[in-house]
Amino acid sequence: MLPEAFVYSQTSLQDFTDCPALFDLRWRQRIKYPAAESEPLELVEAHMERGALFHQMIHQHLIGVPENVIAESIDDDELGAWWANYLASGLRGLPAARHPEITLSVPIAGRRMVAKLDVLAVDTGRESVIVDWKTSLHRPTRANLLARLQTVVYRYVLVEAGAYLNGGAPVDPAQVKMIYWFANFANQPEIFTYSADEHAAAGAMLTQMISDIERRGDGDFPLTDDVRRCVYCSYRGLHERGTKAGDFEAQEIGLTDELSDAFPDFTLDQIAEVAF
Amino acid sequence: MELTPTQRRIVESARDHTLFLYGDAGTGKTTAAVGRILSMIEQGVPSGEILILLPHAALAQPYQRALRSAALPPGAQVDILTFGALVLQTVKLFWGLAAKRAGFQPDTPPSFLTLETAQYVMSTIVDPLIETRGYFEGVTISRNRLYAQIVDNLEKAALSGFPHTEIAERMKNAVLTDSSGTRAFEQAQECAILFRDLCRANNLLDFSLQVEVFTRHLWTLPEVRAYWTRRGAHLIVDNLEEGTPAMHRMVAGWMPDVRSAVLIMDSEAGFRRFLSASPETAGLLRDRCDDVIEFEDTLVMTPSVAALGDELAQALGEYAPESTADPREAMEYGLRRFYPQMLNWVADEITLLVKDEGVPPGEIVILAPYMSDAIRFTLMQRLQGEGIPVRSHRPSRSLREEPAARALLTLAALAHPEWGMQPAPFDVAYMLMQAIGSAGAGRNLDLIRAQLLAENAYPGETKSRLAPFDTLKPDVQERITYLLAPRYEELRLWLEAYIAEREQARANPAAAPAPKKKGRKKKNEPEAASPSNTGVRLDHFFSRLFGEVLSQRGYGFHGDFDASTAAGSLVESAANFRRAFENTKLIPADKTAAEEFVRMVDRGLLADQYARAWAQNDQTDAVLIAPAYTFLIRNQPVTTQFWLDLGSRGWFERLFQPLTHPYILSATWENNRAWTDDDEYEARHDSLFHLVIGLVRRCRERIYFGVSELGENGSASTGELLQAFGRMIARLNPPEAADDQEDDDAEDTETP
């Protein structure tokens with residue numbers, strides 16, 4: 001069973017879509033299975049650290065830390081190039097009221113679902129723009145991005161929960177835009193608009209998916225038929241779906257950009273409990 | 001939710017008010033605060049402007065439960081933060097504004113130390129001083145506790161707000177000791193200063209330095225204040241009495257900027273005083289609020305439990321009973337001569353409660369001042385044997401004691417012969433048993449066969465690599481069985497391939513992947529040659545070995561989720577260690593971070609905290625076995641409590657900590673005053689009273705007292721709690737009545 005306080009996110013719902021067994025192990029049973037997910041690990045780690053630092057730098061920038069102070073933390077050329085790209089075009093055309101790292105939450109199908117947005121930029125009553133910074137090596141296709149639960153969940157949650165940032169008025173789906181901005185392809189952002197019909201369809205789909213998950217019991221979470229996914233899954237050994245981890249450079253959408261809302265719990269204390 | 005009139009007053013009070021709620025545990029203060037938050041959100045207060053601040057994470061549950069309810073309207077997520085998390089987030093986000101002023105390198109990112117990595121840094125300072133200059137010769141505690149106490153002193157100084165250079169002076173002025181003790185204080189002071197300087201020079205921030213940077217250099221900045229004031233325009237702070245002076249000072253500074261606030265404080269508490277909790281500075285926040293509301297009526301205890309609390313308080317020399325209820329209705333006790341008999345009594349009573357009276361297992365807790373492995377094992381075996389779910393919370397258990405983690409560490413030593421850490425054949429046998437494991441009837445590698453395999457395939461003294469299976473004597477091969485041989489061979493060949501790959505990398509370092517280097521790297525600057533360029537990333541080694549071999553079908557980790565969880569925790573600990581130190585000069589020049597990690601885990605210095613997470617993931621509707629303070633700190637009332645080992649002095653005595661002191665190194669201590677025997681007695685007595693009353697206030701219906709004439713170690717039980725209990729029983733029960741309570745099957749009993 002899912003924990004009483006479990007909260008859905010685009011990451012957990014994407015896991016369910018990709019492979020119900022993965023959802024079961026990672027989110028229902030919370031099993032640690034520390035196999036490498038992609039190789040070479042050195043490259044994966046460096047890329048993830050760089051991606052996390054890049055997100056943090058933008059957060060700092062948007063809360064008023066001066067650019068020159070932030071630039072001091074740049075410790076390699078690739079990060080420097082991303083930062084230059086961001087300064088040149090990352091915020092281009094965005095409304096002036098920008099809310100970085102904001103987490104919105106909605107009730108749905110008897111549970112709550114959250115979306116942790118990299119930036120939400122609002123021109124009250126006119127436009128609400130979600131920006132998601134992507135640092136993946138490859139630029140995903142529009143079709144693949146459209147199919148990601150992130151695109152569905154973020155726009156849906158914004159319309160349902162964003163009123164307080166819109167002067168108290170409900171957010172009109174037609175005024176919502178979602179921009180994927182690519183640090184490695186700064187001049188090729190992918191922009192998705194939204195509509196009332198899409199919103200209704202998203203609500204129905206998410207409600208149905210969550211209700212489906214909630215109805216399932218132990219043993220009702222089958223493995224995906226798409227075995228190509230399994231090389232990137234840490235549980236592959238458990239299901240006899242391979243030994244070696246997948247090739248990091250062949251991944252279209254990396255983990256780096258999507259881990260941030262995987263665990264929406266608050267950070268634990270730094271002081272460890274001690275034995276008495 | 002049904003609210004009391006006092007709670008309704010909180011919920012309905014004006015949205016711009018600041019409230020201070022004060023009262024005993026279990027009187028409904030947190031429920032009132034939750035009700036107020038929900039009401040604010042329903043009335044349109046932006047949830048993104050509400051921030052809940054707690055002294056530690058275990059207190060978050062009632063807030064999480066309410067805020068994750070589907071009944072709550074859509075909006076921003078309400079922040080729930082511990083003080084430690086708030087400090088860490090602030091330092092990470094605003095590092096660039098503080099680094100130079102705080103004496104760090106601004107162009108190098110900070111590394112945040114955990115408790116375990118901080119202790120490692122301390123070991124690099126303390127060990128050479130002990131070995132070359134005979135430091136701490138009169139101090140009779142383990143090295144690990146020595147490091148921990150010096151790290152703890154730095155935290156106490158930062159949290160209480162006095163300079164870290166004044167630790168020894170405070171201790172020397174207050175503690176009556178001989179010249180050896182005075183020297184130890186001075187040596188501990190020297191180590192604390194060296195530690196702080198080393199951290200600053202390497203951009204390493206332990207918790208004490210995070211707090212210093214936050215309080216001195218960041219909380220004073222308008223940008224930082226504005227950031228948090230936006231996120232916490234409506235501030236709720238619960239369990240203030242468990243918070244530190246640093247947290248209280250921050251809240252005091254926040255108050256003028258809030259739109260509303262609810263500050264909550266328990267009376268007769270402050271259980272985390274050893275972690276600098278300060279009910280005294282918490283109480284000062286009362287004056288910062290518009291209204292002070294006292295909570296008086298318990299919502300947890302039945303009248304008879306409350307009466308029992310009063311009786312215990314009187315027996316401890318505190319207040320006299322006020323209640324008219326009969327405390328005997330809320331208590332049972334079992335008197336036994338021997339400790340195991342007392343544990344049997346506990347298990348029998350719990351079986352009756354669950355099976356005959358229908359008490360949910362999750363509503364029962366078994367408490368003792370210390371929870372030894374023997375107690376845990378005995379009770380868990382007995383209760384599980386009865387089909388009763390049980391879980392245990394013992395936060396200090398070390399990962400190195402887990403067979404899965406030990407197996408991985410042995411494999412690491414075998415895979416890196418250049419370290420010269422030849423594992424003992426016994427460890428190799430255990431590794432083989434865990435790694436190759438069992439795969440059904442007739443296919444188990446039991447300990448006898450594992451030892452046989454280790455003795456023959458790994459002579460130890462002569463070579464440190466595993467021998468091919470087909471080179472073993474035929475009779476040994478036969479006894480191991482050919483079914484197990486392929487798995488052994490696959491594991492061995494994986495290790496051989498890994499060793500060969502590493503040898504090749506060492507021969508040709510330019511081809512090896514370079515680690516990411518911290519600090520600014522100019523364009524086209526080559527990576528500096530460093531031992532770690534050809535070094536081992538142990539977390540990567542574990543992940544690969546686990547994924548490619550050990551988690552595969554037929555191996556011991558396959559489907560064994562306890563083992564995989566231990567492996568995951570070891571990977572996490574190894575990664576933390578490497579990331580903290582791989583670019584510093586702290587690792588000895590002739591060692592790699594990986595070697596140093598293995599050595600430190602073996603010494604019990606690292607991977608100590610990771611076991612905590614396992615217990616937290618246990619099922620919740622299960623009988624909880626926990627140290628008494630751990631239960632208190634969780635702050636979750638239960639229906640039935642069992643108190644074990646009433647005669648133990650552990651209920652009354654503080655931990656032996658010769659280099660630190662929770663009172664002398666506190667914000668309210670008057671320097672130059674002596675810590676007298678009377679102070680010590682009073683402190684212990686207060687702690688015992690607060691512990692007893694805190695436990696009672698978290699009990700709904702009944703407390704079972706387990707008393708054995710002889711304690712766990714076989715010596716007579718004479719502790720202060722037992723004496724108080726005896727006084728209470730004598731007052732409540734004439735001797736003949738007490739006899740009636742004894743079980744008929746008791747072999748040997750006496751009244752306490």
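Residues numbered from 1 in each chain as written. Chains lettered and ligands numbered in written order. Predicted model: local features only at pLDDT ≥ 70, side-chain atom pairs only at ≥ 80, totals over all residues. Heavy atoms only, no water.

Here we look at the overall build of chain B
Right, on to step 1. Regarding its fold elements, chain B presents 29 helices and 15 strands.
Right, on to step 2. The C-alpha atoms of chain B give 29 Å as radius of gyration, which agrees with the globular expectation for 752 residues (27 Å, within 12%).
Right, on to step 3. Reported as C-alpha extents along the three principal axes, the dimensions of chain B are approximately 80 × 70 × 65 Å.
Right, on to step 4. Counting only contacts in chain B whose residues sit at least 6 apart along the sequence, the fraction spanning at least 24 positions is 79%.
Right, on to step 5. If you sum the accessible surface of chain B, you get close to 29600 Å²; carbon and sulfur atoms cover 49% of it.
Right, on to step 6. In chain B, the 78 positive side-chain charges and the 103 negative ones have mean positions that sit 10 Å from each other. (Helix = DSSP H or I, 4+ residues; strand = E, 2+ residues; numbered from the N terminus. Rg over C-alpha atoms; globule rule 2.2 N^0.38 Å. Contact = heavy atoms within 4.5 Å. Areas by Shrake-Rupley, 256 points an atom, 1.4 Å probe, with all protein chains shown as cover. Lys, Arg positive; Asp, Glu negative; His and termini not counted. Charge placed at Lys NZ, Arg CZ, Asp CG, Glu CD.)

Some thoughts on the domain arrangement of chain B
Residue and element names in this part refer to chain B.
Right, on to step 1. Each assigned domain of chain B is listed with its residue range as follows: domain 1 (5-91 + 221-295), domain 2 (110-210), domain 3 (303-397 + 619-741) and domain 4 (401-508 + 536-610).
Right, on to step 2. Computed from C-alpha atoms alone, the centre-to-centre distance between domain 2 and domain 3 is 34 Å.
Right, on to step 3. With 22 residues of domain 2 at the interface, the matching set in domain 3 holds 17 residues.
Right, on to step 4. For the pair domain 2 and domain 3, the two sides together bury roughly 1700 Å², of which 58% comes from carbon and sulfur.
Right, on to step 5. Joining domain 2 to domain 3, the criterion identifies 0 salt bridges.
Right, on to step 6. Taken together, the connections running from domain 2 to domain 3 amount to 8 residue pairs in polar contact (both at pLDDT 80 or more).
Right, on to step 7. Breaking the side of domain 2 that touches domain 3 down by element, the ones donating at least two residues are helix H7 (143-160), helix H8 (167-174) and helix H9 (179-201).
Right, on to step 8. It is H7 that provides the largest number of residues to the side of domain 2 that touches domain 3, a total of 7 residues. (Domains from an automatic or database assignment. Buried area = accessible area lost by both parts, 1.4 Å probe. Salt bridge = Lys/Arg side-chain N within 4 Å of Asp/Glu carboxyl O. Polar contact = N/O pair within 3.5 Å; in protein donor to acceptor, adjacent residues only side chain to side chain.)

Description of the sheet that holds strand E7 (residues 234-237) of chain B
Residue and element names in this part refer to chain B.
Right, on to step 1. The 6 strands are arranged E4-E2-E7-E8-E1-E9 in an open sheet whose pairing can be described as parallel. Two strands in the sheet have a free side with no partner beyond their single neighbour: strand E4 (79-82) and strand E9 (291-295). Across the sheet, the mean angle from the axis of one strand to that of its neighbour is 15 degrees, orientation sign disregarded.
Right, on to step 2. As paired elements, strand E1 (residues 18-23) and strand E8 (residues 260-266) share 6 bridges and run parallel to each other. Counted as the bridge partner of threonine 18 is alanine 261 from E8.
Right, on to step 3. Running over the sheet, helix H4 (residues 83-93) touches strand E2 (50-54) and E4 and is turned about 95 degrees from E4. (Pairing = 2+ DSSP bridges. Axes fitted to C-alpha atoms, helices over the stretch in contact; angles between N-to-C directions.)

Some points on the interface of chain A and chain B
Right, on to step 1. Contacts between chain A and chain B engage 62 residues on the former and 87 residues on the latter.
Right, on to step 2. Overall, the association of chain A and chain B removes approximately 6600 Å² of surface from exposure, summing both partners, and the carbon and sulfur fraction of that is 58%.
Right, on to step 3. Connecting chain A to chain B are 10 salt bridges.
Right, on to step 4. Across the pair arginine 544 of chain B and glutamate 39 of chain A runs a salt bridge, and its minimum N-O distance is 2.8 Å.
Right, on to step 5. Taken together, the links from chain A to chain B amount to 23 residue pairs in polar contact (both at pLDDT 80 or more).
Right, on to step 6. Ranked by the residues each element gives to the side of chain A that touches chain B, the list is headed by helix H3 (residues 41-62) of chain A, at 9 residues.
Right, on to step 7. Class assignment of the residues belonging to the side of chain A that touches chain B gives a composition of 31 nonpolar, 12 polar and 19 charged.
Right, on to step 8. With 2 bridges connecting them, strand E3 (residues 97-108) of chain A and strand E3 (residues 75-76) of chain B associate as antiparallel partners. The residue bridging serine 105 of chain A from the neighbouring strand is glycine 75 of chain B, located in E3 of chain B. (Nonpolar A, V, L, I, M, F, W, Y, C, P; charged D, E, K, R; others polar.)

Things to note about the state of the cysteines
Each disulfide consists of a covalent bond between the sulfur atoms of two cysteine residues.
All names here are of chain A.
Right, on to step 1. Inspection of every chain in the model, using the stated rule, returns 0 disulfides over all chains.
Right, on to step 2. We note that cysteine 19 lacks a disulfide partner, and the nearest cysteine sulfur, in cysteine 230, lies 6.3 Å from it.
Right, on to step 3. Relative accessible area serves as the criterion here: at 9%, cysteine 19 is assigned to the buried category. (Disulfide = S-S within 2.5 Å. Buried < 20%, exposed > 50% of the residue type's maximum accessible area, 1.4 Å probe, protein only.)

Details of the nonpolar core
Right, on to step 1. If you look at the biggest cluster of nonpolar residues, it comprises 188 residues, and the most contacted ones within it are Phe54 of chain A together with Phe136, Val251, Leu538, Phe542 and Phe581 of chain B.
Right, on to step 2. If we skip the residues at most four places from it in the chain, phenylalanine 54 of chain A touches Leu79, Trp82, Trp83, Tyr86, Trp133, Thr135, Trp181 and Ala183 of chain A.
Right, on to step 3. In terms of nonpolar packing, the next biggest core, distinct from the first, is built from 45 residues, Tyr333, Phe652, Val707 and Ile729 of chain B among them. (Core = buried A, V, L, I, M, F, W, Y, C linked by side-chain atoms within 4.5 Å.)

Notes on the packing of aromatic side chains
Right, on to step 1. Tallied over the entire structure, the rule returns 47 aromatic pairs over all chains.
Right, on to step 2. With centroids separated by 6.1 Å and ring planes inclined at 65 degrees, the aromatic side chains of phenylalanine 6 of chain A and tryptophan 27 of chain A adopt a geometry described as edge-to-face. In this pair, phenylalanine 6 of chain A is assigned in the segment before strand E1 (7-8) and tryptophan 27 of chain A in helix H2 (residues 20-28), connecting sequence segments 21 residues apart. Judged on exposure class, the residue phenylalanine 6 of chain A and its partner tryptophan 27 of chain A are both buried.
Right, on to step 3. Between the aromatic rings of tryptophan 95 of chain B and phenylalanine 104 of chain B, the centroid separation amounts to 5.1 Å while the plane-to-plane angle is 55 degrees, which identifies the pairing as tilted. Taken individually, tryptophan 95 of chain B and phenylalanine 104 of chain B each receive the classification buried, so the pair is uniform in this respect.
Right, on to step 4. Three or more aromatic residues joined by ring pairs form one cluster here, namely Phe83, Phe94, Phe214, Trp219, Tyr227, Trp228 and Trp254 of chain B. (Phe/Tyr/Trp six-rings, centres within 6.5 Å; stacked < 30°, edge-to-face > 60°.)

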